[in-house]
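Breakdown of the fold
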Amino acid sequence: MSQRKRDRRPERPAPRRRAQRSQQSTLERDPHLVFGPVQGVVLAVGGVVAIAAFWVLSTGSITAAPLLLMLGYLVLIPLGLSLSGLRRKPGSDTGRSDEA
């Protein structure tokens, strides 16, 4: 009788193999995560402008401070985040010709 109970047990499915992770680093798999020097400079300038705007606001200016805040938060920081297309790709032409 115990032999029949063993036979009625459902078979376990074969264990799934884990997908092998590729040997590439995260940067090679998703190049959009990389910030180049242009993006870094634009983001830093946006941060400095925003901090300067808060300092100007603390001195009592109600005209220059909001304009600086808008420049920093609405123009420079988003521009620094969206400049990924300006990065040079390895092996690409720099635009200079050596024939001249």
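Our subject is the structure listed above.
Residues numbered from 1 in each chain as written. Predicted model: local features only at pLDDT ≥ 70, side-chain atom pairs only at ≥ 80, totals over all residues. Heavy atoms only, no water.

1. Looking at helix α4 (residues 64-82)
- Between the first and last C-alpha of α4 there are 26 Å, a value that for 19 residues agrees with the 27 Å anticipated at 1.5 Å per step.
- Residue Gly72 marks the point of greatest curvature in α4, where the axis turns by about 30°.
- Residues of α4 that are buried: Ala65, Leu69, Gly72, Leu76 and Gly80.
- Where α4 is buried, its residues contact α3 (37-59). (Helix = DSSP H or I, 4+ residues; strand = E, 2+ residues; numbered from the N terminus. Expected span 1.5 Å × (residues − 1). Bend = angle between axes of the 7 residues up to and from the residue. Buried < 20%, exposed > 50% of the residue type's maximum accessible area, 1.4 Å probe, protein only. Contact = heavy atoms within 4.5 Å.)

2. Focus on a nonpolar patch on the surface
- Side chains of Phe54, Leu57, Leu67, Met70, Leu71, Tyr73, Leu74 and Val75 sit close together on the surface and give an oily, nonpolar patch of about 780 Å² of accessible area.
- Top contributing element to the nonpolar patch by residue count: α4, with six residues.
- Tracing the sequence through the fold places Met70 in helix α4. (Patch = residues over 30% accessible without salt bridge, like charges linked within 9 Å, V, L, I, M, F, W, Y side chains within 5 Å. Areas by Shrake-Rupley, 256 points an atom, 1.4 Å probe, with all protein chains shown as cover. Salt bridge = Lys/Arg side-chain N within 4 Å of Asp/Glu carboxyl O.)

3. A few points about the environment of Val48
- Among the structural elements, Val48 can be located in helix α3.
- For the pair formed by Val48 and Gly72, sequence separation is 24 residues and the distance between their alpha carbons is 8.0 Å.

4. Digging into α3
- Given a rise of 1.5 Å per residue, 23 residues ought to cover 33 Å, and the 33 Å separating the end C-alpha atoms of α3 matches this to within 8%.
- Structurally, α3 contributes buried residues whose contacts are with α4.
- Phi for Gly60, located one or two positions after α3, is positive at around 115°.

5. Some remarks on the packing of α3 against α4
- Remark: α3 packs on α4, axes separated minimally by 8 Å, with the N-to-C direction vectors making an angle of 165°. Our classification of the angle between α3 and α4 gives roughly antiparallel. Relative to α4, the crossing made by α3 is left-handed. Taking contact as the criterion, the partners of Gln39, Val42, Leu43, Val45, Gly46, Gly47, Val49, Ala50, Ala53, Phe54, Val56 and Leu57 in α3 are, on α4, Ala64, Ala65, Leu68, Leu69, Leu71, Gly72, Tyr73, Leu76, Ile77, Leu79, Gly80 and Leu81.
- Across the contact of α3 with α4, the residue classes break down as 19 nonpolar, five polar and no charged. (Axes fitted to C-alpha atoms, helices over the stretch in contact; angles between N-to-C directions. Parallel < 35°, antiparallel > 145°, perpendicular 65-115°, else oblique. Left-handed = near helix turned anticlockwise from the far one by under 90°. Nonpolar A, V, L, I, M, F, W, Y, C, P; charged D, E, K, R; others polar.)

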